[in-house]
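One-letter residues, chain by chain:
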Amino acid sequence: MAPPAQAEDGSGVKGELRALTSARGIAAWLVVFFHIRRSIDGLPDVAMAVFQKGYLAVDFFFLLSGFVIWLSYSERLRAGGLAEVPAFLKRRIARIWPLHLFMLGFAMLMALAMLATGRHSDAFPFAELPFHIALVQNWGLAYSLTWNDPAWSISCELAAYLLFPLLALAIDWRRVPSAAILVAICALLLLLHTVFVERGLWQLGQEISRMGLIRCVLEFACGTAICALWLRWRDHWQLPAVASAIVTLAMLVGWTTGMLAETLVVPVGFAALLLALALSAGRRGNPLETAPLHYLGEISYATYLSHYLLWYAFKLAFVSDVHAVSWPLVALYLTIVLAASVALYHLVERPTQHWINALNLRPFRPLPPAPRSPHG
């Protein structure tokens, strides 16, 4: 899950790209509807067709995360070198780990309550719990999605964060011609498509525990290059924005008509969409700049990490037929998710993030030795 789209270094960008934050919120709710779609009684076919592809919002998250991390930290890491890496990692861990741990604790309480009442669920394997606590479960250490399923992508994001300093120190996109950056983006996305196809996979959501990590790392790297293009083109944005929109529409047509594979068309389409949204950010009349959508984006990490476990608990408490949940119950669940997102954002996510960021993790420096007595 990407952080808010704002610069924290000397990139020359002031303030937040509110449109990207809003887009993150919309993407998070698409994931919510993806997980509940089969339970909604009487869901129209059109809505089902949209919601059943909600898992692809994660690919947008990966691209957006690379964009924002490059915008916020690339200059700082290049200026400070390896000495800046611990501070970078501290801020990233402060961003993703506390809320993840909180929701994992909620899952543990549910699992223990079920065991106490004589019920057992394969969704909560205690043997794998250490991997989830350390956020390394999707590094090839677990064979399926368990505990809090959406956290698989956060596990992959952590790996991308660990690799990012190497990327930032090895490649300075500012010194690379625009044409070469575009070639690099295409090469990364073509590599992703090739890796899936060689394994006989044609959907990005297949075999997440095995393919999720490479899916994240390649799209994250692609997002850094997209940010470099945006930094270069943001002052002359009209033509690149139109070109990006055309590519997005072309990919959508190719996908919906079955002419192009999901593993190729979706990452390419999202990459073009991300660039178009970034170029349009801050422009007058942009609907993604509105306050309600922006707030949904701010609390979207809480939405993303909480909704799955809340749905699990909601079904245990209120649902007798998981394949025919009435619209009033669906509305109640969505209200609970929204309220929980607000509460988690303000009471857990932000306070713990500020607390960890305020910690001084500089190495301990021993006091100088006391002056020796003139008598020895």
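Cut-offs applied
- Residues numbered from 1 in each chain as written.
- Predicted model: local features only at pLDDT ≥ 70, side-chain atom pairs only at ≥ 80, totals over all residues.
- Heavy atoms only, no water.
- Helix = DSSP H or I, 4+ residues; strand = E, 2+ residues; numbered from the N terminus.
- Rg over C-alpha atoms; globule rule 2.2 N^0.38 Å.
- Buried < 20%, exposed > 50% of the residue type's maximum accessible area, 1.4 Å probe, protein only.
- Lys, Arg positive; Asp, Glu negative; His and termini not counted.
- Charge placed at Lys NZ, Arg CZ, Asp CG, Glu CD.
- Phe/Tyr/Trp six-rings, centres within 6.5 Å; stacked < 30°, edge-to-face > 60°.
- Expected span 1.5 Å × (residues − 1).
- Bend = angle between axes of the 7 residues up to and from the residue.
- Axes fitted to C-alpha atoms, helices over the stretch in contact; angles between N-to-C directions.
- Parallel < 35°, antiparallel > 145°, perpendicular 65-115°, else oblique.
- Contact = heavy atoms within 4.5 Å.
- Nonpolar A, V, L, I, M, F, W, Y, C, P; charged D, E, K, R; others polar.
- Salt bridge = Lys/Arg side-chain N within 4 Å of Asp/Glu carboxyl O.
- Core = buried A, V, L, I, M, F, W, Y, C linked by side-chain atoms within 4.5 Å.

Before going further, it helps to examine the overall build of the protein chain. Helix and strand counts for the protein chain stand at 13 helices and zero strands. Taken from N to C terminus, the helices and strands of the protein chain fall in the order α-α-α-α-α-α-α-α-α-α-α-α-α. Whereas a compact globule of 376 residues would reach a radius of gyration of roughly 21 Å, the protein chain reaches 22 Å, a difference of no more than 12%. C-alpha atoms of the protein chain, sized along the principal axes, occupy 90 × 60 × 45 Å. Burial statistics for the protein chain: of 376 residues in total, 50% are counted as buried. Distance from the positive charge centre (27 side chains) to the negative charge centre (22 side chains) of the protein chain: 9 Å.

Tallied over the full model, the rule gives 18 aromatic pairs. Relative to Y304, the ring of F61 lies with its centre 5.6 Å away and its plane at 80°, an arrangement referred to as edge-to-face. In this pair, F61 sits in helix α3 (residues 57-80) while Y304 sits in helix α12 (residues 300-318), placing the two residues 243 residues apart along the sequence. For the pair F61 and Y304, a shared accessibility class is recorded, and that class is buried. Taking the centre distance of 5.5 Å and the plane angle of 40° together, the rings of F88 and F164 count as tilted.

On to helix α4 (residues 85-116), then. Under the 1.5 Å per step criterion, the end-to-end length of α4 is 45 Å for 32 residues, consistent within 8% with the ideal 46 Å. The largest bend in α4 amounts to roughly 35° and is located at A94, with the proline P98 lying one to four residues further along. Following α4 by one or two positions, G118 has its phi on the positive side, about 80°.

With that settled, the discussion passes to the packing of helix α1 (residues 18-36) against α12. Where α1 contacts α12, the axes come no closer than 9 Å and their chain directions differ by 10°. Between α1 and α12, the interaxial angle falls into the category roughly parallel. Facing R24, G25, A28, W29, V31, V32, H35 and I36 of α1, the residues of α12 in contact are S300, T303, Y304, H307, Y308 and W311. Tallied by class, the residues present in the contact of α1 with α12 amount to eight nonpolar, five polar and one charged.

Attention shifts here to the pattern of salt bridges. Tallied over the full model, the rule gives nine salt bridges. We note a salt bridge from R174 to E75, for which the minimum N-O separation is 2.9 Å. One end of the pair, R174, is in the loop between α6 (151-170) and α7 (178-198); the other, E75, is in helix α3, and 99 residues separate them in sequence. Between R174 and D172 there is a salt bridge, and its shortest N-O distance comes to 2.8 Å. On the basis of relative accessible area, D172 is assigned to the buried category, the value being 15%. Among the charged side chains, a network of salt bridges with common partners joins E75, R78, D172, R174 and R175.

All right, on to the nonpolar core then. Core analysis: the largest hydrophobic core is formed by 91 residues, its most contacted members being F67, F124, F164 and I226. Broken down by element, this core gets its largest block of residues, 14 residues, from α3. Not counting residues up to four positions away in its chain, the partners in contact with I226 are L63, F67, I185, A271, L274 and L275.

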